[in-house]
Structure formats: C-alpha cells, structure tokens
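Here's the letter readout for the chains.
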Amino acid sequence: MDRLAYLQDQALRAERLAKSITDTLTVERLQSFAAECRRQIKLISGSPDPITCAAKLHQAQQAALARSPLG
C-alpha cells in the first residue's frame, strides 16, 4: 500500500469511527487526525491548499492596488 492509499484509508477509518463514538474528546481527536491525513494527502499529491491559494490571491490583489494610480 502506498503512502497516499494509507493516508486515505486512515482518514476514512477515523471519520467512520468518529461517527460511532459519543465521547466528545475522542471524536474531536479522530476528526483532527482525519483532517491531518487529508492535509498530507494534498501535500503529497500536489493539490493546492485553499488557504495558501487565497493568501497568494490576496497578496496579488494588494500588489495590484499598490501599483494602481487610484490605490
């Protein structure tokens, strides 16, 4: 099993388990673990992170406004 498949499997298992548990702390930890697995999947697969993309877009917009004669 390659790293991406392993992470995907772990994320799915954690999410499934979180749905069947009533302990709030455990649910939060499982959801956090699943989110971390998905973040690593995005990093490995090269999918752009939406937060990073939004930050880059904001920086580009700010730079364009600074260059404009109206800004």
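To start, this report covers the structure provided alongside it.

**Quick look at helix α2 (residues 24-45)**
Thought 1: With 22 residues, α2 should reach 32 Å at 1.5 Å per residue; the first-to-last C-alpha distance of 31 Å fits that figure.
Thought 2: Regarding α2, the residues found buried are Val27, Leu30, Ala34, Cys37 and Ile41. Along α2, the residues classed as buried sweep out an arc of 90° about the axis, all on the same side. Structural note: α2 exposes Thr24, Arg29 and Leu43 on the side pointing more than 90 degrees away from its buried face.
Thought 3: Tucked into the core, α2 has its buried residues touching α1 (3-19).

**Details of the pattern of salt bridges**
Thought 1: The final tally for this structure, using the stated rule, is 3 salt bridges.
Thought 2: Of the charged contacts in the structure, one is a salt bridge between Arg38 and Glu15, with a shortest N-O distance of 2.9 Å. Remark: Glu15 occurs in helix α1 and Arg38 occurs in helix α2; sequence separation between them is 23 residues.
Thought 3: By relative accessible area, Glu15 is classed as partly exposed at 29%.
Thought 4: Glu36 is paired through a salt bridge with Arg39; the nearest N and O atoms lie 2.6 Å apart. In this pair, Glu36 and Arg39 are both assigned in helix α2, 3 residues apart and thus about one turn of the helix distant.
Thought 5: Since its relative accessible area comes to 31%, Glu36 is described here as partly exposed.

Basis of the calculations
Within any chain, residue numbers begin from 1 and follow the written order of that chain's sequence. Per-residue local features are limited, in this predicted model, to residues with pLDDT of at least 70; the limit for side-chain atom pairs, both in listing and counting, is 80 or more; totals at the level of whole chains, interfaces and linings are taken over all residues. By convention in this description, side-chain values take in all heavy atoms of the structure and omit both hydrogens and water. For the purposes of this entry, the term helix denotes a DSSP run of H or I that reaches at least four residues, the term strand denotes a run of E that reaches at least two, and both are numbered from the N terminus. Expected span of a helix: the number of residues minus one, times 1.5 Å. Three exposure classes are used, based on accessible area relative to the maximum for each residue type with a 1.4 Å probe and protein chains only: buried under 20%, partly exposed in between, and exposed over 50%. In this context, the arc is that of the directions from the helix axis out to the C-beta atoms. Any two residues whose heavy atoms approach within 4.5 Å at even a single point are treated as in contact. For this analysis, a salt bridge means a side-chain nitrogen from Lys or Arg found within 4 Å of a carboxyl oxygen belonging to Asp or Glu.

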